[in-house]
Amino acid sequence: MPLISRTPSAAPLPLRAVFLSLLSLFATAGAHAQATPAAALPISVKPDAALTANRPSSLGWQTCQALKGNPAAQLSCFQQWADTQTPPASPGPSVTTAPANDQTGQPATPVLLLPSLNTEAPDGKPIGCKNTKYSELSRFWELQRGTDCDTFSLRGYRPISLAVVTSDSVNTQPSSPSAGHTALTSQPYMRTENKIQLSVRTKIAKGLLKNGDNDDDDHDSVWFGYTQQSYWQLFNGSISRPFRTTDHEPEVIYIYPHQIPLPGGWNYRLSGLGLVHQSNGQSLPLSRSWNRLYLMGAAEKTLGPDSGLILQGRIWDRMKESSGNDDNPGIENYVGRAEVTGSWQINKANTVGVTVRHSLRKEARGSARFDWMMAPASSPNYTGLRYHVQLFSGYGDSLVDYNRKRNVLSIGLSLVDW
């Protein structure tokens, strides 16, 4: 029986190659058992016309499976079905001979050479993004060549969420301490509303300063991300259910990977540099806008096959604006100048996280946020959908309320890791 090997190839392994490999094995086995040439195998017998007529290609294998009573016809049917599944440019297998080994007595043996395995997942995305051989941080930021999902593919960033929220207060008359604004009329906003968050990113460059040819080699990268968060007065029919506020946050991030062992089983995995703009697109007194330059770092610790810890920190500096253009003076004294996020993946279905922001000043302000995400019990392994509970306390849950402390409870659904 011939041995099977693989040759490096950029092309995925086509179904046709698999079936041709099986055909070669069957033919060789038949030649040994019956002392007849492999060509004598009657693979040209066609399956029943009644079974194959007008069948869609997606049902071909079921049709062939029904031909158990006629092995030759079944084999031919499977080959024809494989032809319909094979991309036109896919290379076929080839056969070579492994030389005899006099020391072991191994005779010369035919070897069937197959192209490399398919690198595409069933959902059409490269396997690297979800290959559990690699760590959570490596997959999320594509830190290694084996987790690379190429440039300009759309990926999730922060959770995409739809939630019902309730708070201890709502700002019915937002104002800004900046000069020259006029006060607005108080609005009858409700404390219960909807929150919608959209967040996506794409890698725009890779391998600029660090790269390699092996799957475990680190690759640096540049990303563009965009996050939008809206508070919607869905239950407030008396004022036509308006969007109370919407914040926009585009950013550019450079990620440099590391693999630095730390005490306690931790591994420092990345450093980053980011430039972020955040604004709500309103005019005074609702206008809010600021730009930040931040440094970040992240480490992780593996606890088990489906459990781990991630610790990430960011510190930023606000880019200065003239007093005449500053719609939210002193925002960094409220929202903060640094944050630390800790995440614990308990198992495949449950993750909890805590984020703390601080102003790094004597008059300590900032915020604390707790998140609990739970996958549906029916399919924790095959979906990015999560039940999401979030509790926020502090400043900056929205830009319009940057100088107002709020306690907010959110319950809803989030989409992560897609």
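For the structure itself, consult the block above.
What this report covers is the structure whose coordinates are included nearby.

Definitions and limits used
- Residue numbers run consecutively from 1 along every chain, following the written order of its sequence.
- Local features are withheld for residues below a pLDDT of 70 in this predicted model, meaning they are given only at 70 or higher, and side-chain atom pairs are given and counted only at 80 or more; totals for whole chains, interfaces and linings count all residues.
- Note: side-chain values were computed over all heavy atoms of the structure, leaving out hydrogens and water.
- Numbering of helices and strands starts at the N terminus; helices are DSSP runs of H or I of at least 4 residues and strands are runs of E of at least 2.
- Burial classes follow relative accessibility: with a 1.4 Å probe on protein chains only, a residue under 20% of its type's maximum area counts as buried, one over 50% as exposed, and anything between as partly exposed.
- By the convention used here, residues are in contact when the closest approach between their heavy atoms is within 4.5 Å.
- Computed with the Shrake-Rupley method and a 1.4 Å probe, the accessible areas treat only the protein chains shown as cover for residues.
- A pair of strands is labelled paired if DSSP reports no fewer than 2 bridges between them.
- Each patch groups residues whose relative accessible area exceeds 30% and which form no salt bridge, using 9 Å between like charges and 5 Å between nonpolar side chains of Val, Leu, Ile, Met, Phe, Trp and Tyr.
- Throughout this description, the term salt bridge denotes a Lys or Arg side-chain nitrogen within 4 Å of a carboxyl oxygen of Asp or Glu.
- Disulfides are defined in this document as cysteine sulfur pairs within 2.5 Å.
- To form a nonpolar core, buried Ala, Val, Leu, Ile, Met, Phe, Trp, Tyr and Cys residues must be joined to one another through side-chain atoms within 4.5 Å.
- Polar contact is defined as a pair of N or O atoms within 3.5 Å, subject to the rule that within protein one atom must be able to donate a hydrogen and the other to accept it, and that residues adjacent in sequence are counted only when both atoms are side-chain atoms.
- Any pair of Phe, Tyr and Trp rings, taking the six-membered ring for Trp, is counted once the centres come within 6.5 Å. Such a pair is stacked with planes under 30 degrees apart, edge-to-face with planes over 60 apart, and tilted for the rest.
- Only lysine NZ and arginine CZ atoms are considered, and such an atom sits over a ring when it is within 6 Å of the ring centre and within 35 degrees of the ring normal.

1. Some thoughts on the overall build of the chain
Argument step 1. Helix and strand content of the chain: six helices and 16 strands.
Argument step 2. When burial is assessed residue by residue, the chain has 38% of its 418 residues classed as buried.
Argument step 3. Residue pairs in contact within the chain that sit at least 24 positions apart in sequence constitute 59% of those at least 6 positions apart.
Argument step 4. Summing over all exposed atoms, the chain offers an accessible surface of approximately 22200 Å²; the carbon and sulfur share of this is 59%.

2. A look at the pairing of strand β6 (residues 192-206)
Argument step 1. The pairing of strand β4 (residues 154-156) with β6 spans three bridges and is antiparallel. Of the residues in β6, the one forming a bridge with L154 is T202.
Argument step 2. As paired strands, strand β5 (residues 160-167) and β6 are joined by six bridges and run antiparallel to one another. By the bridge assignment for β6, L162 is matched with I196.
Argument step 3. As defined by bridge partners, β6 adjoins strand β7 (residues 221-232) across 12 bridges and the pair is classed as antiparallel. The residue bridging K206 from the neighbouring strand is S221, located in β7.

3. Looking at a nonpolar patch on the surface
Argument step 1. On the surface, V354, V356, F370, W372, M374, L385, Y387, L391, L409, I411, L413 and L415 cluster together into a nonpolar patch covering about 980 Å² of accessible area.
Argument step 2. Only β13 (350-358), β14 (366-374), β15 (385-394) and β16 (406-415) provide two or more residues apiece to the nonpolar patch.
Argument step 3. Ranked by residue count, the leading element in the nonpolar patch is β16, at four residues.
Argument step 4. Among the secondary structure elements, W372 is positioned in strand β14.

4. Focus on the state of the cysteines
Argument step 1. One pass over the structure, following the stated rule, counts two disulfides.
Argument step 2. Across the disulfide, C64 is cross-linked to C77 (sulfur-sulfur distance 1.9 Å). Taking the sign of the S-S torsion, -80° for the link of C64 and C77, the bridge is left-handed. You can see C64 sitting in helix α3 (residues 60-65) and its partner C77 sitting in helix α4 (residues 71-85), a full 13 residues away along the chain. For the pair formed by C64 and C77, the shared burial category is buried.
Argument step 3. Across a sulfur-sulfur distance of 1.7 Å, C129 and C149 are joined as a disulfide pair. With C129 in the loop between β3 (109-114) and α5 (136-141) and C149 in the loop between α5 and β4, the pair connects residues that are 20 residues apart, well separated along the chain. Of the two residues, C129 and C149, neither departs from the other in class, the shared state being buried.
Argument step 4. Cysteine pairing for the chain, with bonded cysteines counted in sequence order: 1-2, 3-4.

5. Observations regarding the nonpolar core
Argument step 1. Core analysis: the biggest nonpolar cluster contains 18 residues, and W141, I253, I255, L270 and Y294 have the highest contact counts within it.
Argument step 2. Contributions of two or more residues to this core are made by α5, β8 (243-261), β9 (267-279) and β10 (289-304).
Argument step 3. Ranked by residues supplied to this core, first place goes to β10 with four residues.
Argument step 4. Not counting residues within four places of it along the chain, the set of residues in contact with L270 comprises L137, W141, L143, I255, Y256, P257, H258, M296, G297 and A298.
Argument step 5. Formed by six residues, the second largest nonpolar core is a distinct cluster that contains L67, C77, F78 and W81.

6. Concerning the pattern of salt bridges
Argument step 1. Enumeration over the complete set of coordinates arrives at 23 salt bridges.
Argument step 2. In this structure, E142 and R155 form a salt bridge, with 3.0 Å as the shortest nitrogen-oxygen distance. Separated by 13 residues along the polypeptide, E142 in the loop between α5 and β4 and R155 in strand β4 bring together distant segments of the chain. Judged on exposure class, the residue E142 and its partner R155 are both buried.
Argument step 3. The partner of R357 in a salt bridge is E339, and the shortest N-O contact between them spans 2.9 Å. Of this pair, R357 sits in strand β13 while E339 sits in strand β12 (residues 338-345), and the two are 18 residues apart along the sequence.

7. Let's talk about unusual backbone geometry
Argument step 1. Of note in the backbone geometry, F152 takes a positive phi value of approximately 65° without being a glycine.
Argument step 2. Within the fold, F152 resides in the loop between α5 and β4.
Argument step 3. The exposed category is assigned to F152, whose relative accessible area is 60%.
Argument step 4. In this model, S240 sits at a positive phi of 65°, which is unusual for a non-glycine residue.
Argument step 5. Of note, S240 is situated in the loop between β7 and β8.

8. With respect to the environment of S287
Argument step 1. Among the structural elements, S287 can be located in the loop between β9 and β10.
Argument step 2. S287 sits 112 residues away from L399 along the chain, and the two C-alpha atoms are 8.8 Å apart.
Argument step 3. Setting aside its immediate chain neighbours within four residues, S287 contacts N280, Q282, D327 and N328.
Argument step 4. Among the polar contacts listed, one links the side chain of S287 to the backbone oxygen of Q282, at a separation of 3.2 Å.

9. Regarding the packing of aromatic side chains
Argument step 1. On inspection of all chains with the given rule, the structure shows six aromatic pairs.
Argument step 2. Seen from their ring centres, W141 and W223 are 5.6 Å apart, and the 85° between their planes marks the pair as edge-to-face. Of this pair, W141 sits in helix α5 while W223 sits in strand β7, and the two are 82 residues apart along the sequence. W223 matches W141 in its accessibility class, with the two residues each being buried.
Argument step 3. The cationic tip of R201 hangs over the ring face of W223; the distance from NZ or CZ to the ring centre is 4.6 Å.

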